[in-house]
Amino acid sequence: MAGFSDIIGHEQITEHLKNAIALDKVSHAYIFNGPDGSGKMMLAEAFAMALQCEGEGTKPCLSCHSCKQAMDHNQPDIIYVTHEKPNVIKVDDIRKQINNDIVIKPYSSRYKVYIVDEAEKMNPQAENALLKTIEEPPAYAVIILLTTNADSFLPTILSRCIRLNLKSVKADVIKNFLMKNYQIPDYQADVCAAFSQGNVGKAIELASSEQFGELKASVLQLMKRLKDIDLYEMTEAVKQIAEYKLTVNDYFDLMMIWFRDVLYMKATNDANGLIFKDEVYDIKKQAARHSYQGIETILKALETAKIRISANVNFDLVVELLLLTIKEN
């Protein structure tokens, strides 16, 4: 568990939460809405720790008894709501862990904070049970719902919670964080930051993933030699991509970054703005060869391929059509 200062990006949200504490205007219910790996749990834990901190400020001191307990995940008044079934939070989970517990006053703190991860998995009965508590909560209760899809909640729940949407973190912020904390070179940090699309959790995962390194190497090898592949060799190229079938969207995203670099080089002739900076020689060659319209056609074809794969269109057919489109443009 970390404090506000350890959170990368999300400055507006941390300021909002600190101001709520400073002005004594803490809401009884919050929704933290954002994709997996975006930092929802870190924000919730930092907020919970700050609420329970025995110090005077608006952020956790990290040294008082309560903060130390929270960092060890055994602060008695910070409750993590769990669920036994992986894909559903049932009404009994909400009743036992929130509704029946919330009537008992805090054990040692000013607040009782309930953190509900994957809250979008609540079934309608669970949501209705939670709604009763959110409508008339005790003064000391704070319920934090973490979700990837706040729009799936009942309108009555949405109207009674403060909703905070986690925005993408800037690529340069993620890049500097990775270089400082994971000791990776700048060109690798560039790729991870660009590929993560503003998601710090995903960027960290990529920075320490051997599989991502292999995936990137496969994409770069194919992008550099695709022009010279004869049509009869296309089956081999399709097989090469099929090895990464489970992460094919990642494969396509890396191809997109490659062609965005080609487009950027064509428009600016500036290597400093490239993501794949160490591939500048091949990117320059392709920028000279492709037309603007050709690059746009390729980027659209990549988007179409992703949609077709998710719609379960024949994998080999989709990939072969994509590679032919790239060759022709």
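Scroll up to find the structure.
Residues numbered from 1 in each chain as written. Predicted model: local features only at pLDDT ≥ 70, side-chain atom pairs only at ≥ 80, totals over all residues. Heavy atoms only, no water.

Novice: Help me understand the overall build of the chain in this model?
Specialist: Looking only at helices and strands, one finds 15 helices and five strands in the chain. Considering only C-alpha atoms, the chain reaches an extent of 75 × 40 × 30 Å along its principal axes. Considering the chain as a whole, with its 329 residues, one finds that 49% of them fall into the buried category. In the chain, the proportion of contacts linking residues at least 24 apart, taken out of those at least 6 apart, comes to 70%. Here the chain has roughly 16,800 Å² of accessible surface; of this, 49% comes from carbon and sulfur atoms. (Helix = DSSP H or I, 4+ residues; strand = E, 2+ residues; numbered from the N terminus. Buried < 20%, exposed > 50% of the residue type's maximum accessible area, 1.4 Å probe, protein only. Contact = heavy atoms within 4.5 Å. Areas by Shrake-Rupley, 256 points an atom, 1.4 Å probe, with all protein chains shown as cover.)

Novice: I'm lost on the side chain of Gln75 in this one. Help?
Specialist: Here Gln75 is to be found in the loop between helix H3 (65-71) and strand S2 (78-81). Accessibility expressed as a relative area gives 4% for Gln75, which makes it buried. Apart from residues lying up to four places away in sequence, Gln75 is in contact with Gln52, Ser66, Gln69, Ala70 and Ser109.

Novice: Would you mind showing me how to read the layout of surface pockets here?
Specialist: Remark: the empty space left among the atoms is shown by a probe the size of a water molecule rolled over them. Considered as a void within the structure, the largest pocket measures approximately 400 Å³ in volume. Gly37, Ser38, Gly39, Lys40 and Met42 are, among the 21 residues lining the largest pocket, the residues nearest its centre. Broken down by secondary-structure element, the contributors of at least two residues to the lining of the largest pocket are helix H2 (40-52), strand S4 (141-147) and helix H9 (200-207). Here the lining of the largest pocket is composed, by residue class, of eight nonpolar, seven polar and six charged. Considered as a void within the structure, the second largest pocket measures approximately 270 Å³ in volume. Every residue along the wall of the second largest pocket is listed here: Gly9, His10, Glu11, Gln12, Ile13, Leu164, Asn165, Lys167, Ser168, Val169, Lys170 and Val173. Of all the elements in the fold, those that place two or more residues in the lining of the second largest pocket are helix H1 (11-22) and strand S5 (162-165). With three residues, the single largest contributor to the lining of the second largest pocket is H1. Residue composition of the lining of the second largest pocket, grouped by class: four nonpolar, five polar and three charged. (1 Å grid on protein atoms, 1.4 Å probe; cavity = no way out; pocket = protein on both sides within 12 Å on 5 of 7 lines; lining within 4 Å. Points joined across faces, edges and corners; volume = space filled by probe spheres on them. Nonpolar A, V, L, I, M, F, W, Y, C, P; charged D, E, K, R; others polar.)

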